[in-house]
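# Coordinate inspection notes
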Amino acid sequence: MRYLTARKRAEFRGSAHHGTEHHWSMTVSAVGLALLVPAWLYVFGSALGGTREEVLATFARPFPAIVTALLLVVGMRHFAMGATTMIEDYARGTTRKMLIIGVVALSWAIAATGLYALVRIAL
Amino acid sequence: MAAPKRVERPLSPFMIGPYYRPQMTSISSILTRITGNGLVVAALLAVWWLLAAATSDDYFAVANAVVTSWFGDLVFTLSLWAVWYHYLAGLRHLYFDAGKGLDIPTAEKLGWACIIGSVVLTVITILLVQ
């Protein structure tokens, strides 16, 4: 005889343990990136291949600097959360936890490095 | 307490091929994941290049040589396609999330739109910024 109800057995198994925050956060950052990415592709594509003086002059201007800073923060958060979803699909247990921590740390490191470079160039 | 029986199921997307016919809907979905996660390579390369530009002439010379080499061109061209594919697939996802375009003929057309549109946008971007 089963002592646990069907609901008790189902609870805490397989769900993300929280609501729709992750999905909503991806939706918001996706719309933000939809605006940022075309602008940044133009900025970065134009700067790429230039001399150091040209590159420094580009990223010292307000629009390229602000778009790049926003892309670093919004893009890297979007990446960390998307990569987390992928890891959750393919890895379990401790491996899953270590990979998620690794990917979150990597995306913060990329964002921080880019912001540091921008501050040195633009300020 | 009885342990729940673990059923060995093929993990998505590895059922595509041996168990499941490749379809536009499944292929365009897995491409979204591959492009989105793969873009971290371009992010690393671009940020390294920017850091080098901020640091010194010597450091920039090294990073710029890598970034403008055939290897850099290859990574950034593939990443440009990846970013446009992920972009269009993301817009499609927002459309799906609104409960629209979920019937099979429309979903398959949107998949083709992502693939063809991403190639067109990649070419336009290269022409625009070169």
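None of the values given here were measured: they were computed from a predicted structure.

### Observations regarding the overall build of chain B
- Along chain B, the regular secondary structure elements total four helices and zero strands.
- When the helices and strands of chain B are read in sequence order from the N terminus, they spell out α-α-α-α.
- Against the compact-globule benchmark of 14 Å for 130 residues, chain B has a radius of gyration of 20 Å, which places it well outside the compact range.
- On the principal axes, the C-alpha backbone points of chain B span a range of 65 × 45 × 30 Å.

### Observations regarding the packing of aromatic side chains
- In total, this model carries nine aromatic pairs over all chains according to the counting rule given.
- Between Phe59(A) and Trp49(B) the ring centres are 6.4 Å apart and the planes differ by 75°, which places this aromatic pair in the edge-to-face class. A residue pair is termed interchain when its members come from two chains, as with Phe59(A) in helix α3 (residues 52-60) and Trp49(B) in helix α1 (residues 24-55).
- Residue class for Phe59(A) comes out buried when judged on its relative accessible area of 1%.
- Relative to Tyr85(B), the ring of Trp81(B) has its centre 5.6 Å away and its plane inclined at 35°; by these criteria the two rings are tilted.

### Observations regarding the packing of helix α4 (residues 62-90) of chain A against helix α5 (residues 93-122) of chain A
Residues and elements named next belong to chain A.
- α5 packs onto α4 with a crossing angle of 175° between their chain directions and a minimal axis gap of 9 Å. Taken together, the axis directions place α4 and α5 in an arrangement best described as roughly antiparallel.
- Taken together, the residues that form the contact of α4 with α5 break down as 19 nonpolar, four polar and three charged.

### Some points on the nonpolar core
- Core analysis: the largest hydrophobic core is formed by 53 residues, its most contacted members being Phe59(A) and Trp49(B).
- The element best represented in this core is α1(B), accounting for 13 residues.
- Among all residues touching Trp49(B), those that are not within four sequence positions of it are Phe44(A), Ala47(A), Leu48(A), Val55(A), Phe59(A), Phe60(B), Ala63(B), Asn64(B) and Val67(B).

### Thoughts on α3(A)
- Taken together, the buried positions of α3(A) are Arg52(A), Val55(A), Thr58(A) and Phe59(A). For α3(A), the arc enclosing every buried residue in end-on projection is 125°, short of the 170-degree limit, so these residues lie on one face.
- Those residues of α3(A) that are buried are in contact with α2 (21-47), α4 and α5 of chain A together with α1 and α2 (57-67) of chain B.

### What about the environment of Tyr3(A)?
- Along the chain, the position of Tyr3(A) falls in the segment before α1 (6-10).
- Taking C-alpha positions, Tyr3(A) is 18 Å from Arg13(A), a pair spaced ten residues apart along the chain.

### Regarding the pattern of salt bridges
- Scanning the entire structure with this criterion turns up two salt bridges over all chains.
- A salt bridge links Asp57(B) to Arg52(A), with the shortest nitrogen-to-oxygen separation between them at 2.8 Å. With Asp57(B) in helix α2 and Arg52(A) in helix α3, this pair bridges two chains.

### Thoughts on helix α3 (residues 70-97) of chain B
- Over its 28 residues, α3(B) runs 40 Å from end to end, which matches the ideal 40 Å to within 8%, given 1.5 Å per residue.
- Two residues or fewer after α3(B) comes Gly99(B), characterised by a positive phi angle close to 85°.

### A short note on the interface of chain A and chain B
- With 46 residues of chain A at the interface, the matching set in chain B holds 41 residues.
- Around 3,200 Å² of area is buried between chain A and chain B when both sides are counted, 74% of it from carbon and sulfur atoms.
- Joining chain A to chain B, the criterion identifies two salt bridges.
- Salt-bridge contacts for Asp89(A) lead to Arg33(B); the nearest nitrogen and oxygen are separated by 2.8 Å.
- At the boundary of chain A with chain B, the tally comes to seven residue pairs in polar contact (both at pLDDT 80 or more).
- Looking at the side of chain A that touches chain B, the elements that each hand over two or more residues are α2, α3, α4 and α5 of chain A.

About the thresholds
Residues numbered from 1 in each chain as written. Chains lettered and ligands numbered in written order. Predicted model: local features only at pLDDT ≥ 70, side-chain atom pairs only at ≥ 80, totals over all residues. Heavy atoms only, no water. Helix = DSSP H or I, 4+ residues; strand = E, 2+ residues; numbered from the N terminus. Rg over C-alpha atoms; globule rule 2.2 N^0.38 Å. Phe/Tyr/Trp six-rings, centres within 6.5 Å; stacked < 30°, edge-to-face > 60°. Buried < 20%, exposed > 50% of the residue type's maximum accessible area, 1.4 Å probe, protein only. Axes fitted to C-alpha atoms, helices over the stretch in contact; angles between N-to-C directions. Parallel < 35°, antiparallel > 145°, perpendicular 65-115°, else oblique. Nonpolar A, V, L, I, M, F, W, Y, C, P; charged D, E, K, R; others polar. Core = buried A, V, L, I, M, F, W, Y, C linked by side-chain atoms within 4.5 Å. Contact = heavy atoms within 4.5 Å. Arc of directions from axis to C-beta. Salt bridge = Lys/Arg side-chain N within 4 Å of Asp/Glu carboxyl O. Expected span 1.5 Å × (residues − 1). Buried area = accessible area lost by both parts, 1.4 Å probe. Polar contact = N/O pair within 3.5 Å; in protein donor to acceptor, adjacent residues only side chain to side chain.

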